[in-house]
Amino acid sequence: MKIVNNKFQKITVAIIFAWLIFFVLIPNLLVLVVSFLTRDGSNFYALPFSLENYANLFSPLYAQVVWNSLYMSGIATIICLIVGYPFAFMMVKIKPKYRPILLFLVVLPFWTNSLIRIYGMKIFLGVKGVLNTILINMGIISEPIRILNTEVAVIIGLVYLLLPFMILPLYSAIEKLDGRLLEAAKDLGANAFQRFWKIIIPLTMPGIVAGCLLVLLPAMGMFYVADLLGGAKVLLVGNVIKSEFLISRNWPFGSAISIGLTILMALLIFVYYRANKLLNKKVELE
């Protein structure tokens, strides 16, 4: 029986490694190589090797796009954190028999394609959409508010799509809290705010950082959100990559932007790793 299990484990590991090599490692290596080549009108890319594509990343135009992407993704991340943290806390505090229902409701949007959901959001936010109709009927506004084709619409779309990615790691971190620490702090005279700020926030910091990364990183590349809700007036890094590959046919520069975005993501993940390590050390010392 052990021999069969060992063979099954080896086959499973081999399949996983083969998948990662052929569909992750090799494509990324190809993108890396192409990013150092030169644009060619007929073949998309050609020799010689050049660093010009990476030099162009620091031009004011593309630096502004990266800044706008970070700005909108950052706001979307903060909103997801403000909304997701109380919701995750509530999920932990309710009776255990109701938690699977709330978790199901959090995961339920994943059953529908994100592109279809963005089209639904476009209808919801339109001048004659559901939101404006409700506000006018309630007498809150006298004429429709134009939300589409603005940064606000893009941020709303990003929050709408990525909120579950914030809730789930927060729920996992809050669920592991030791209630005895809160009781001890209460007995020592700490009020609710002090218990929250001095105990709950530090102990759930890994979930906060993980949730922020899971929202921030994908948000920068969701070009279809900016296309549909921003009306192509609001650009994310993903929009520039798509345009360079499909419209400008400048594959080397599009690859360079992709590699730059990957490096930025890797740096953010490294920051998360270091912050988590320092936090664990601090907890051990205390």
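Basis of the calculations
- Position numbers for residues count from 1 along each chain, tracking the sequence in the order it is written.
- Totals for whole chains, interfaces and linings use every residue, but because this is a predicted model, local features are given only for residues with pLDDT of at least 70 and side-chain atom pairs only at 80 or more, for both listing and counting.
- The basis for every side-chain value is the complete set of non-hydrogen atoms in the structure, without hydrogens or water.
- UniProt positions are given in the numbering used here, feature names are shortened, and annotations may be inferred rather than shown by experiment.
- Axes, fitted as lines to C-alpha atoms, cover a helix only where it is in contact. Angles between the N-to-C directions of the axes lie from 0 to 180 degrees.
- For the purposes of this entry, the term helix denotes a DSSP run of H or I that reaches at least four residues, the term strand denotes a run of E that reaches at least two, and both are numbered from the N terminus.
- Roughly parallel means an angle under 35 degrees; roughly antiparallel, over 145; roughly perpendicular, 65 to 115; everything else is oblique.
- The contact definition used throughout considers only heavy atoms, calling two residues in contact when any of these lie within 4.5 Å.
- When residues are sorted by character, Ala, Val, Leu, Ile, Met, Phe, Trp, Tyr, Cys and Pro go into the nonpolar class, Asp, Glu, Lys and Arg into the charged class, and all the rest, Gly among them, into the polar class.
- Buried means the residue's accessible area, taken with a 1.4 Å probe over protein chains only, is under 20% of the maximum for its type, while exposed means over 50%, and partly exposed covers the values in between.
- Working rule for handedness: look at the near helix, and if it is turned counterclockwise from the far one by less than a right angle, call the crossing left-handed; if clockwise, right-handed.

Under an unreviewed UniProt entry, the name given to the chain is Spermidine/putrescine ABC transporter permease PotB, and the organism recorded is Rodentibacter caecimuris. UniProt annotates the chain under Sequence similarities (unreviewed entry) with the comment "Belongs to the binding-protein-dependent transport system permease family. CysTW subfamily."

K.L.:
Before we move on, could you go through the packing of helix α9 (residues 192-203) against helix α10 (residues 205-219) and cite the residues and values that matter?
P.N.:
With their axes 4 Å apart at the nearest point, α9 and α10 run at an angle of 55° to one another. One element, α9, and the other, α10, form an angle in the oblique class. Residues Ile 201, Pro 202 and Leu 203 of α9 form the contact with α10, whose own contacting residues are Met 205, Pro 206 and Ile 208. Among the residues making up the contact of α9 with α10, the classes are represented as six nonpolar, no polar and no charged.

K.L.:
Before we move on, can you summarise unusual backbone geometry with the specific residues and values?
P.N.:
In this model, Leu 47 is joined to Pro 48 through a cis peptide bond whose omega is 10°. Looking at where Pro 48 falls in the secondary structure, it is placed in the loop between β2 (44-46) and α2 (52-56). Within the chain, Asn 149 stands out as a residue other than glycine whose phi angle is a positive 65°. With respect to the helices, strands and loops of the structure, Asn 149 is situated in the loop between α6 (130-137) and α7 (151-175). Judged by relative accessible area, which is 32%, Asn 149 ranks as partly exposed. Positive phi is not limited to glycine here, since Arg 249 has a value of about 60°. In this structure, Arg 249 sits in the loop between α12 (237-246) and α13 (251-285).

K.L.:
Before we move on, can you summarise the environment of Leu 131 with the specific residues and values?
P.N.:
Inspection of the secondary structure assignment puts Leu 131 in helix α6. Under the relative-accessibility criterion, Leu 131 is labelled partly exposed at 23%. Setting aside anything within four residues of it in sequence, one finds Leu 131 in contact with Phe 124, Leu 125 and Ile 147.

K.L.:
Lay out the packing of helix α3 (residues 60-93) against α10 with the relevant residues and their values.
P.N.:
Viewed as axis vectors pointing N to C, α3 and α10 meet at an angle of 140°, and their least axial separation amounts to 9 Å. Relative to α10, the element α3 is oriented oblique. Regarding α3 and α10, the two cross each other, and that crossing is right-handed. Only Ile 208, Cys 212, Val 215, Leu 216 and Ala 219 of α10 make contact with α3, whose side of the interface consists of Ser 73, Gly 74, Ala 76, Thr 77, Cys 80, Leu 81 and Tyr 85. Each residue belonging to the contact of α3 with α10 can be placed in one class, and the counts come to nine nonpolar, three polar and no charged.

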